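Geometric and topological summary
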Amino acid sequence: MTNVSFDVNGIAQALEIAGHETLLDVLRDRLSLTGTKLSCGRGECGACTVLLAPPNGRRRAVYSCLTLAVACEGSSVTTIEGLDAKGGGTHPMQQAFIAHDAVQCGFCTPGQILAAVALLDQNAAPSESEIRTAMSGNLCRCGTYPKIILAVQEAGRRLASGG
Amino acid sequence: MADKRFVATKVEVEGREETRIVEIPAFEPAPWTADVPMDVVGQCVPRMDALEKVTGSAVFTADVQRAGMLYTAIVRASVAHGRVTTLDLTAALEVPGVRGVLQRDEVEGIRYDSGQLFDQTIRFAGQPLAAVCAETQDAADRAARAAIVRVDVDRHAVTANAALAPDAPKVRSHGNTSKHSPRIAQRGDADAALRTAEVVVEREYRTPTVLHTAMEPHGAVAEWSGDHLTVWESTQGIFNTRSDLAEAFGLKLTQVRVIKDYMGGGFGAKNGAAASTYIAVALARKLACPVRCVLDREGEQVDSGNRSSTSQRVRLGAMRDGTLTAMVLDAEIVMGVGGWFAGPGKIYHELYACPNVRTTETFVYTHTGAMASFRAPGHVEGAFGLECAMDALARALRMDPIELRLKNYAKHDQEKDRRYSDKRLDECYRLGAERFGWGTKAFSTDAKSARFKRGRGMASIGWGAGGGPPSYATVRMNSDGTVDVLTGSQDLGTGARTVFAQIAAEAIGASIHDVRTILGDTERLPYTSNSWGSQTTASVGPAVRMAAEDARAKLFEAAAQILEAPVEALEARQSVVRMRDHPERAITFAQIGEKLRNVMLIGQGSRGPNPDKTALFAFGAQFAEVEVDLETGQVRVLRIVAAHDSGRIINPRLAESQLEGAILQGIGFALFEERVLDEPLGLPLNPTMHDYKIPTMSDLPAIDGFFVPSSDTVANHVGAKGLAEPPIIGVAPAIANAVTDALGVEVNELPLTPWRVVSALNRDSAERA
């Protein structure tokens with residue numbers, strides 16, 4: 001067991017973590033942040049996507065099922081529950097997902113939203129083809145892809161104009 | 001009729017028609033015909049549970065946390081056929097955190113789709129043999145890996161050919177075909193008609209075994225309190241799950257409560273208690289703790305159902321003018337170890353006017369996981385054979401594919417010789433062709449070079465989607481004027497919560513913002529049928545409407561007292577009751593509630609019988625344009641136009657989402673998806689989401705899906721029919737017909753992976769040489 005300190009959604013966490021525990025396990029089972037989903041457990045579907053910023057680094061989307069929690073020392077993690085940093089409201093990406101019905105069953109949705117936020121972090125105005133490439137690691141069996149593209153484009157416009 | 005309380009009525013569920021005895025509702029609301037003005041129904045109301053889903057607060061089955069809950073892992077067979085000689089769980093029980101195991105002798109008589117739970121005779125790789133339960137999932141997984149299983153391995157038969165060979169090992173005790181195989185259905189004399197036909201085409205088609213691959217696997221959390229059982233389950237049928245559990249554990253229905261709040265997709269595979277449900281319940285009873293059993297991805301891919309693979313030998317006979325005279329299908333359908341008999345044959349009897357039709361279906365058992373319903377089971381497979389053969393016939397006749405289909409347009413239900421409640425397939429052809437630009441040629445010069453060829457194709461759709469009784473709903477107005485819709489039912493991601501709220505808001509005259517829908521609890525809510533067979537809106541919708549109208553009648557009685565106006569003079573809209581001719585004399589729902597104090601206005605509704613001797617069908621026509629890389633064989637779908645007739649559309653945006661989703665699943669079926677087996681070993685080779693390819697965002701074509709205007713008030717008084725399944729039916733044949741158009745070579749086997757396309761091209765050039 002290793003003592004690991006990291007920040008989850010703005011709250012400092014210090015946990016004793018076994019070497020094989022994934023960030024997904026810790027989020028879901030230790031911190032009860034069940035918005036992050038387990039679907040394949042081996043980095044194939046994207047349902048467990050969260051945002052991870054290493055110490056002094058930029059945040060990016062990671063598959064939490066493939067991320068060992070002990071490697072998160074000093075990092076900041078953002079899950080779907082903490083996406084709206086102001087708290088209590090919703091992020092423009094979440095609003096755009098609602099407005100465009102980019103949600104069917106909703107199981108892959110948290111991962112989709114966080115992958116889309118990570119995309120806009122790096123590319124504020126992605127083309128449709130850039131969205132397709134960036135989001136192809138997030139599977140949706142209900143087939144919300146057309147609506148997700150619309151939502152990401154709108155969120156990009158809204159964030160560019162100050163949200 | 002008027003004095004009869006109960007009548008017999010026919011209800012079609014996934015191609016199977018049942019007769020049900022049903023109580024006639026106390027009153028029948030006037031039909032919402034197409035010309036009735038609508039305030040809330042027909043609006044793109046945002047999905048009512050979207051906020052919970054985008055914020056991660058929606059609780060799915062695996063998110064349910066109970067105090068002291070234990071976790072489960074399943075020990076599975078690693079061979080396709082054999083007999084367990086040793087199942088040693090000693091080491092498993094020694095893993096720290098393990099609290100107990102569940103074995104064959106503790107689940108006597110509990111059967112699920114694949115047969116007796118923990119059967120020690122292995123009939124497919126992945127069959128559950130035992131389960132272990134621990135304080136963490138990690139400990140349970142380790143313990144399952146520590147189980148020692150010794151097996152006497154037998155020869156297996158994992159393909160239809162192997163299972164039908166003379167010396168094949170037996171999959172089921174009575175043999176390797178179903179007892180009623182071959183299932184023959186016929187009208188007229190198809191053999192004689194084939195002999196006298198002026199043109200005959202004969203083809204063979206193959207469709208693969210495909211896997212539902214819902215993002216959320218099957219799972220349950222079970223908790224006993226005394227002799228009362230509560231189960232949280234990812235299910236399309238809370239009431240089916242309840243009755244399955246009551247039967248398996250010898251309980252009364254009052255002792256079982258099944259809750260489904262959110263679920264991560266079903267697509268047909270989650271229609272009742274599953275192995276995971278029984279395991280969770282049995283372990284929770286044995287260990288006196290709440291128990292979660294959620295399948296891992298591999299378990300989900302190998303033992304939670306699949307779409308049967310088929311081989312279809314099709315013969316069509318016609319006159320030179322295109323009149324169909326004979327349709328003959330001989331099909332083999334691979335069931336795995338179990339399932340029900342969907343079969344590709346039915347659509348051959350339904351889709352076209354033809355006096356002579358015969359389908360012969362042989363259902364073959366193999367040493368693979370059991371079949372389960374999968375979005376339009378049978379029709380998806382059958383439409384591929386039939387609609388590709390229709391195009392082959394059109395080519396033989398030098399006729400336009402749509403002209404051939406219109407020539408054989410079925411004006412009434414051919415199979416059962418009865419009227420349709422409504423049928424606008426002709427409008428789907430016309431409007432779809434117009435939007436697609438059918439009749440103009442897809443020029444390969446549009447494509448990058450001579451290496452890429454483009455083609456166009458289309459296909460027709462029909463699917464029994466009228467729903468039916470029994471289903472019940474309660475609508476109640478609270479003292480602040482808000483409205484609750486209470487009905488059992490399930491929202492799989494379809495939008496049922498939103499659709500019911502819209503129907504109730506329309507019927508009671510409320511603002512949609514004042515209405516919520518409460519679903520998914522067998523203990524607290526009225527019965528509805530499973531959410532399968534594109535049934536939910538057409539089955540439950542009329543019950544919700546009736547309940548809301550019943551509540552409105554009471555609301556109007558109260559308002560009439562307050563406004564000193566006759567009830568007949570009142571109308572309600574946007575949560576305000578007013579006099580039709582004196583709109584200034586008005587009172588809000590909230591004001592009425594305030595005056596009545598804690599009185600609750602409650603309306604009851606039920607789904608009435610279906611019309612006699614009437615076929616209730618949804619229809620559609622789909623068009624595809626593809627580009628094929630002649631060098632690699634890769635097919636890209638460029639665009640899909642989908643024209644659908646599903647009666648009245650309650651929420652156009654949600655309906656469009658359903659169309660797009662079904663079309664994407666159809667593209668997966670057409671191009672990528674296929675369970676691959678190692679035939680010598682009998683093992684599945686791709687039970688992961690990396691190796692089993694479902695469409696990604698990169699595979700998305702331009703989709704233009706729409707509905708032809710309609711309200712089918714012969715079907716039910718809301719005018720809606722189902723729309724979840726129809727849009728997957730035509731996708732694969734439309735794409736295959738487009739590929740054939742591009743190549744000038746027929747492609748008759750799915751999925752159209754690059755090597756299949758290249759093989760078709762090579763076969764063709766070999767034949768030409």
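Computed from a prediction, not measured in an experiment: that's the story for all the values here.

Another point: the overall build of chain A. Secondary structure summary: chain A contains 5 helices and 5 strands in total. Counting from the amino terminus, chain A carries its helices and strands in the arrangement β-β-α-β-β-β-α-α-α-α. Relative to the compact-globule value of 15 Å for 163 residues, chain A shows a C-alpha radius of gyration of 15 Å, a close match. Along the three orthogonal principal directions, the C-alpha set of chain A runs to about 45 × 35 × 25 Å. In chain A, which comprises 163 residues, the share counted as buried stands at 57%. Intrachain contacts of chain A at a sequence separation of at least 6 include 61% that bridge at least 24 residues.

The subject of this paragraph is unusual backbone geometry. Omega for the peptide link from Pro469(B) to Pro470(B) comes to -5°, which places this bond in the cis form. As for its position among the elements, Pro470(B) is in the loop between strand E21 (452-464) and strand E22 (472-477). Cis geometry marks the peptide bond from Leu750(B) to Pro751(B), where omega comes out at -10°. The topology assignment puts Pro751(B) in the loop between helix H18 (731-743) and helix H19 (754-768). Phi at Asp101(A) is positive, roughly 55°, even though this residue is not glycine.

This brings us to helix H15 (residues 589-596) of chain B. All names here are of chain B. Along H15, the residues that are buried comprise Phe589, Ile592 and Gly593. Taken around the axis of H15, the buried residues stretch over an arc of 100°, which confines them to a single face. Its buried side turned inward, H15 meets E22, helix H14 (536-563), strand E26 (576-579) and strand E27 (582-588).

A few words now on the nonpolar core. Within soluble globular proteins, side chains that are nonpolar generally end up buried alongside one another. Among the nonpolar cores identified, the biggest contains 292 residues, and Ala131(B), Val132(B), Ala504(B), Ile508(B), Val544(B), Ile735(B) and Val739(B) are the most heavily contacted of them. What Val739(B) contacts, discounting residues up to four positions off in sequence, is Gly455(B), Val626(B), Val628(B), Val635(B), Val747(B), Leu752(B) and Val757(B).

All names here are of chain A. If you check the domain split of chain A, you get domain 1 (2-82) and domain 2 (92-160). Domain 1 and domain 2 are separated by 21 Å when their C-alpha centres are compared. Of the residues lining the interface, 14 residues belong to domain 1; the matching set on domain 2 comes to 13 residues. Put simply, the parts of the chain that give the side of domain 1 that touches domain 2 at least two residues each are strand E3 (49-53) and strand E4 (60-63). A per-element tally of the side of domain 1 that touches domain 2 places E3 first, with 3 residues.

With that out of the way, let us pick up the pairing of strand E31 (residues 635-645) of chain B. Residue and element names in this part refer to chain B. Among the 11 residues of E31, 8 are classified as buried, and the element is accordingly described as predominantly covered. In this sheet, E31 lies alongside strand E30 (residues 617-629) in antiparallel orientation, the contact comprising 10 bridges. Residue pairing for E31: Phe619 is matched across the bridge by Asp645. Counting the residues in the hairpin turn of E30 and E31 gives 5 residues, including Gly633, whose phi is positive at 80°. The sheet contact formed by E31 and strand E34 (residues 702-707) spans 6 bridges and is parallel. Paired with Ala642 across the strands is Gly705, a residue of E34.

Quick look at the domain arrangement of chain B now. The assigned domain composition of chain B is domain 1 (6-58 + 467-606), domain 2 (64-154 + 213-302) and domain 3 (168-212 + 306-417). Using C-alpha coordinates to define each centre, domain 1 of chain B is positioned 41 Å away from domain 3 of chain B.

Cut-off values and rules
- Residues numbered from 1 in each chain as written.
- Chains lettered and ligands numbered in written order.
- Predicted model: local features only at pLDDT ≥ 70, side-chain atom pairs only at ≥ 80, totals over all residues.
- Helix = DSSP H or I, 4+ residues; strand = E, 2+ residues; numbered from the N terminus.
- Rg over C-alpha atoms; globule rule 2.2 N^0.38 Å.
- Buried ≥ 20, exposed ≤ 12 C-beta atoms within 10 Å, placed from the backbone.
- Contact = placed C-beta atoms within 7 Å.
- Arc of directions from axis to C-beta.
- Core = buried A, V, L, I, M, F, W, Y, C linked by C-beta atoms within 7 Å.
- Domains from an automatic or database assignment.
- Pairing = 2+ DSSP bridges.

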